[in-house]
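Residue-level structure breakdown
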Amino acid sequence: MQAGPGRAAQALADRVDADALVALTTALVQTPSVNPGGTEGAAVAVLQEACERAGFAVTLQEAAPQRPNLLATIGGSAPGPGLLLLGHSDVVPAGPDWSGDPFRVRRDGDRLIGRGTTDMKGGLAAAVAAMTVLSGAGELGIELSGPVQLAVTVDEEELNLGSRTLVSAPPPLPFAGCIVAEPTGLQVVRGCRGASYLDIEITGRAAHSGRPSDGVSAIEAAAAVIALIGEDQAAMAAQPDPLLGFGTWNVGLISGGQGISVVAPNCSLGVDRRLMPGESAAVIAADLATAISEAGIDGDGVTVTVRPTMEMPGFATAADHRLVTATADAVRAAGGSSSVGGWSAACDGGYIARDWGVPTVVMGPGDINGQAHQPDESVSITELVTAARAYVLAAVALLG
């Protein structure tokens, strides 16, 4: 008796090659792509070779010299909307306190240790492993109605140059949904806050500290701006969103002044503002500038300029959307335990949701809070395999 579609899909997912998955994760981690530094090109070349060896159609999109986005596609002739898998090729600097070389993968039982194992070269390798299996779906009588494409962007950890380049043109294919392979511990994230950076430049007037009334202190004006930001934070916290909470402010950098005996003629603030879905960094900057003016902080010798320098949009997908339910079901069928919720972190899936209008979720192997950006970063091999199988089952559910 011929197996039904469920059994066929499960048999297909069981074809994920754990050894090949570990090998690709290892090769990617051992090809450093640290950002800042603009060094993704070599790691993308490793990924390109793996995708081409598996028979995927691969194209590169230059976001900057030696910094290419990668698009890898299977089933490109299928007529229906496809599934987009999304990830990034850059990693943060290793930093101190590692127990070994961060770019030489070590295995400790079920775990691979190295910079990028969790965030997010393991997720990229799991996506490639899933697509390798999906390219042979016809052997089990499974026909996908649309293509599956992996998009890998550069510069996600800094200014999102890769994502902004990717969505600057219309989508290369119609997509029914996007799964971002960021580390969620296999939980299905249906909504993320976004992120933005604002530069606030304040100028005053220098004077001798013995007669401070002759000058205007830019540092005192900066303190007033920080207090204004705190008031806005409290107002947002009073009205949290059930899924994502509220937008947050963080003054992460401050510099200014000329000397202890001089009234400060300048001060700069570097501010992080987490975005709720639908919020715009440009609008937030303009609103802050208006509030500063209305509070009387600028004027009378003080000028304040607020300039957004980075924006990563937030997004939210309905809980009952087919992409959400199918992905959660796929994780459970692959052997994982999955819940559905929101995420305090940001990811470049927001660009796909906002600029391409594609429903988006985040689901991938690894622990964003316990492992990403930390010394001795690691990922579970079991979780890598489960993620790859879940991508296979989600693709079959959505396209099969």
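So, here is what we can say about the structure in this document. (Residues numbered from 1 in each chain as written. Predicted model: local features only at pLDDT ≥ 70, side-chain atom pairs only at ≥ 80, totals over all residues. Heavy atoms only, no water.)

A few words on the packing of aromatic side chains. Per the stated rule, a full pass over the model turns up 1 aromatic pair. An angle of 20° between the planes, with centres 6.3 Å apart, marks the rings of phenylalanine 175 and tryptophan 356 as stacked. Linking phenylalanine 175 in strand E7 (residues 175-180) with tryptophan 356 in the loop between helix H9 (349-355) and strand E15 (360-362), this pair joins segments that are 181 residues apart in sequence. Positioned above the aromatic ring of tryptophan 249 is the side chain of arginine 273, whose terminal nitrogen or guanidinium carbon lies 5.4 Å from the ring centre. (Phe/Tyr/Trp six-rings, centres within 6.5 Å; stacked < 30°, edge-to-face > 60°. Helix = DSSP H or I, 4+ residues; strand = E, 2+ residues; numbered from the N terminus. Lys NZ or Arg CZ within 6 Å of the ring centre and 35° of its normal.)

A few words now on the sheet that holds strand E4 (residues 106-108). The antiparallel open sheet is built from 3 strands, whose spatial order is E4-E5-E16. Each having just a single partner strand, E4 and strand E16 (378-380) make up the two edges of the open sheet. Sheet twist, expressed as the mean angle between neighbouring strand axes with direction ignored, is 25°. As paired strands, strand E5 (residues 111-113) and E16 are joined by 3 bridges and run antiparallel to one another. Within the sheet, the bridge partner assigned to arginine 111 lies in E16 and is serine 380. Most of the contacts of helix H10 (residues 381-399) go to E16, to which it runs at about 60°, and overall it touches E4, E5 and E16. (Pairing = 2+ DSSP bridges. Axes fitted to C-alpha atoms, helices over the stretch in contact; angles between N-to-C directions. Contact = heavy atoms within 4.5 Å.)

Roughly 490 Å³ of volume is contained in the largest pocket. Surrounding the largest pocket, 25 residues form its lining, Glu156, Glu157, Arg274, Ala346 and His373 being those nearest its centre. Of all the secondary structure elements, the ones that give two or more residues to the lining of the largest pocket are strand E9 (194-203), strand E11 (266-275) and strand E12 (303-312). Considered as a void within the structure, the second largest pocket measures approximately 220 Å³ in volume. Those elements that place two or more of their residues in the lining of the second largest pocket are helix H2 (18-29), helix H3 (40-53) and helix H4 (117-134). Counting residues per element, the lining of the second largest pocket draws most heavily on H4, which supplies 5 residues. (1 Å grid on protein atoms, 1.4 Å probe; cavity = no way out; pocket = protein on both sides within 12 Å on 5 of 7 lines; lining within 4 Å. Points joined across faces, edges and corners; volume = space filled by probe spheres on them.)

Take the nonpolar core next. Grouped together as the largest cluster of nonpolar side chains are 66 residues, with contacts concentrated most on Leu21, Leu85, Leu134, Val148, Ile179 and Tyr391. If you tally residues by element for this core, the top one is H10, at 13 residues. Judged by nonpolar contacts, the second largest core, of 25 residues, contains Val167, Cys192, Ala345 and Trp356. (Core = buried A, V, L, I, M, F, W, Y, C linked by side-chain atoms within 4.5 Å. Buried < 20%, exposed > 50% of the residue type's maximum accessible area, 1.4 Å probe, protein only.)

Between H4 and H10, the least distance of the axes is 8 Å, while the angle of their chain directions is 45°. Taken together, the axes of H4 and H10 are oblique relative to one another. Crossing handedness for the pair H4 and H10: right-handed. Two secondary-structure elements touch here, H4 through Gly122, Gly123, Ala126, Ala127, Ala129, Ala130, Val133 and Leu134 and H10 through Leu384, Ala387, Ala388, Tyr391, Val392, Ala395 and Val396. Considered class by class, the residues forming the contact of H4 with H10 number 13 nonpolar, 2 polar and no charged. (Parallel < 35°, antiparallel > 145°, perpendicular 65-115°, else oblique. Left-handed = near helix turned anticlockwise from the far one by under 90°. Nonpolar A, V, L, I, M, F, W, Y, C, P; charged D, E, K, R; others polar.)

Applying the stated criterion across every chain, the model contains 0 disulfides. Between cysteine 347, a free cysteine, and cysteine 192, which holds the nearest cysteine sulfur, the sulfur-to-sulfur gap is 4.2 Å. (Disulfide = S-S within 2.5 Å.)

Another aspect to go through is the environment of serine 209. Checked against the element boundaries, serine 209 lands in the loop between E9 and helix H6 (218-237). Sequence-wise, serine 209 and valine 283 are 74 residues apart; in three dimensions their C-alpha atoms are separated by 38 Å. Beyond its immediate sequence surroundings of up to four residues, serine 209 is in contact with Ile260, Ser261 and Val262.

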